[in-house]
Amino acid sequence: MSFLESIKSALSSIAANKMRSLLTMLGIIIGISAVITITTLGSSLTATIQNAFSTLGANYFDVYLNEEWIYDESTNSYYPDPNSSLEDHLITMDMLDELNERYPDCFYNCSTNGIGGGSLLNTEKDTVNVHIAGVFDGFVPYEDFDILAGRNITLRDNAECKYSALVSNIFVKQYFTRGEEPIGQTISVTLDSGSAAEFTIVGVYDYSELYKRYAMGDQREEDMTTHLLIPYTAANEISHVSERGFSYVEFTCNSKKDASALNEDLRAFFEEQYEKYPSINVEIYSSVEDFDIAITVINIVTIVISIIAAISLLVGGVGVMNIMLVSVTERTREIGIRKALGAKRRNIRLQFVIEAIVICLIGGIIGILIGILNGELVGFIAKQVIASNEDYSMLFSAVKVVPSLTAIIISVLFSTLTGIFFGLYPANKAAKMNPIDALRYD
């Protein structure tokens, strides 16, 4: 009997005993579906957390400078190093420029300097209120704002202290009531201090859904105080702040690049900058580290629970062995006839091993489909729960159901191995039968 004929024979045997075959597969189905469900939920949770981090603009790095304090045993107290001051070794614009040159399009400074409120009169002589904030090029992507027209505040704007401005689409509706084109327009803002400043609009941005929800509340758009974003250096000039550098800088990173690698690059850069100043400690906090910890915990829990669930496959395997022994006994005369006609031991063995493999594979495939369906069902329920909660509804699109391809492949292989392992003993028993005794069997 050829390999294909053995498969056809196995399928015929399963079809002839549908209920018995289904009950035999049940242990395999339950075990595989449990493993696939768990791994699907684990990989889906990982993808959902990653999407949520991205939605919330959480791919950021905080760089802090701390002064090393010296311990005095005589007074049992600490004091700062008199030979080195933090104010003398701040993070400078030159350092930030060097960082951008060394790692182009990787890090965006999202530090801000809010200098207070301001107001304007629109064409209808109505007052439009704004909150003025000095920003770098990283603030807009960090807040997950979309540039609708024009451009973002750039490094050049900051280097040249330009009085350029980025306004929201809500501001455009409030101020340009006649539908004028905002890009290139000059606006005069009266500051809370009483002075006035003129800015040229270079871009229009749209608030993220998350920001709108928490900033607007029950406000109407026409009453909302929006952000007028200007270069950080221009904000310092307006507020008469002479800032020589930063003791703290917040960066957001390019979402298309490996955040873990960027974390290492950023750490190496600042450690290099301050290696000659041992009294200055550079500390870097990264949301990526929190994400990695969360993913590690999820993976460990997923693996442990999957292993526990996989134990049920042993029960299913014993069931397969039991039914194959029954099948061998029922088909004793058939085995005797085949041996009398010249069938060799390996032919008999192959027939029953293949039948056990087919049973396990069919059960495994059914289990995989049920597991994926369970994952989709849980994902659907999660989306409905999130959608019903206004505080989290903006994360609706972050929920992703991602079946684990690795787990599916392993499940298919495991099903095959289960069929071989638990089918081998009944197959050997059939192969070793004496043809005369088999023919006499009633």
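Undergrad: Quick question: what am I supposed to make of the layout of surface pockets here?
TA: A water-sized probe rolled over the atoms picks out the places where empty space is left. Approximately 410 Å³ is the volume attributed to the largest pocket. As for the largest pocket, its lining consists of 19 residues, of which Val35, Thr39, Ser306, Ala407 and Ile410 are closest to the centre. Looking at the lining of the largest pocket, the elements that each hand over two or more residues are helix H2 (18-55), helix H10 (287-330) and helix H13 (405-431). Examining the composition of the lining of the largest pocket, we find that seven residues originate from one element, H10, more than from any other. Split by residue class, the lining of the largest pocket holds nine nonpolar, ten polar and no charged.

Undergrad: Before we go on, may I ask you to explain the sheet that holds strand E1 (residues 60-67) in this structure?
TA: Sheet strands line up and pair through hydrogen bonds in the backbone, either parallel or antiparallel. Reading across from one edge, E4-E12-E1-E13 is the order of the four strands in this open sheet, with antiparallel pairing throughout. Of all the strands in the sheet, the pair left with one neighbour each is strand E4 (107-109) and strand E13 (280-286). Across the sheet, the mean angle from the axis of one strand to that of its neighbour is 30 degrees, orientation sign disregarded. For E4 and strand E12 (residues 248-253), the ladder comprises three bridges, and the chain directions are antiparallel. Within the sheet, the bridge partner assigned to phenylalanine 107 lies in E12 and is cysteine 253.

Undergrad: Would you explain the packing of helix H3 (residues 93-102) against helix H9 (residues 259-273) in this entry?
TA: Helix packing for two helices is described by the angle between their axes and how far apart those axes are. Between H3 and H9, the shortest axis-to-axis distance is 12 Å and the interhelical angle comes to 135 degrees. As judged from the angle between their axes, H3 and H9 are oblique. Where H3 crosses over H9, the two elements pack in a sense that is right-handed. Along its contact with H3, which presents Met95, Glu98, Leu99 and Arg102, the element H9 presents Leu266, Phe269, Glu272 and Gln273. Among the residues forming the contact of H3 with H9, the class breakdown is four nonpolar, one polar and three charged.

Undergrad: Would you take a moment to explain the state of the cysteines for this structure?
TA: Disulfide: a covalent bond formed between the sulfur atoms of two cysteine residues. This model, assessed by the stated rule, comprises zero disulfides. Free cysteine: cysteine 106, not disulfide-bonded; nearest cysteine sulfur from cysteine 253 at 8.8 Å. Note on cysteine 106: relative accessible area 8%, which makes it buried.

Undergrad: Is there a simple way to explain the pairing of E12 in this structure?
TA: Two faces, one strand: in a regular strand the side chains alternate between the faces of the sheet. Burial of E12 is extensive: five of the six residues sit out of reach of the surface. In the sheet, E1 pairs with E12 via five bridges, with the strands oriented antiparallel. Its bridge partner lying in E12, tyrosine 64 is registered against tyrosine 248.

Undergrad: How should the side chain of threonine 40 be read in this particular structure?
TA: Of note, threonine 40 is situated in helix H2. Assessed through its relative accessible area of 0%, threonine 40 is described here as buried. Sequence-distant contacts of threonine 40, defined by excluding residues within four places in its chain, comprise Gly371, Gly375, Val401, Val402, Pro403 and Ser404.

About the cut-offs
- Residues numbered from 1 in each chain as written.
- Predicted model: local features only at pLDDT ≥ 70, side-chain atom pairs only at ≥ 80, totals over all residues.
- Heavy atoms only, no water.
- 1 Å grid on protein atoms, 1.4 Å probe; cavity = no way out; pocket = protein on both sides within 12 Å on 5 of 7 lines; lining within 4 Å.
- Points joined across faces, edges and corners; volume = space filled by probe spheres on them.
- Helix = DSSP H or I, 4+ residues; strand = E, 2+ residues; numbered from the N terminus.
- Nonpolar A, V, L, I, M, F, W, Y, C, P; charged D, E, K, R; others polar.
- Pairing = 2+ DSSP bridges.
- Axes fitted to C-alpha atoms, helices over the stretch in contact; angles between N-to-C directions.
- Parallel < 35°, antiparallel > 145°, perpendicular 65-115°, else oblique.
- Left-handed = near helix turned anticlockwise from the far one by under 90°.
- Contact = heavy atoms within 4.5 Å.
- Disulfide = S-S within 2.5 Å.
- Buried < 20%, exposed > 50% of the residue type's maximum accessible area, 1.4 Å probe, protein only.

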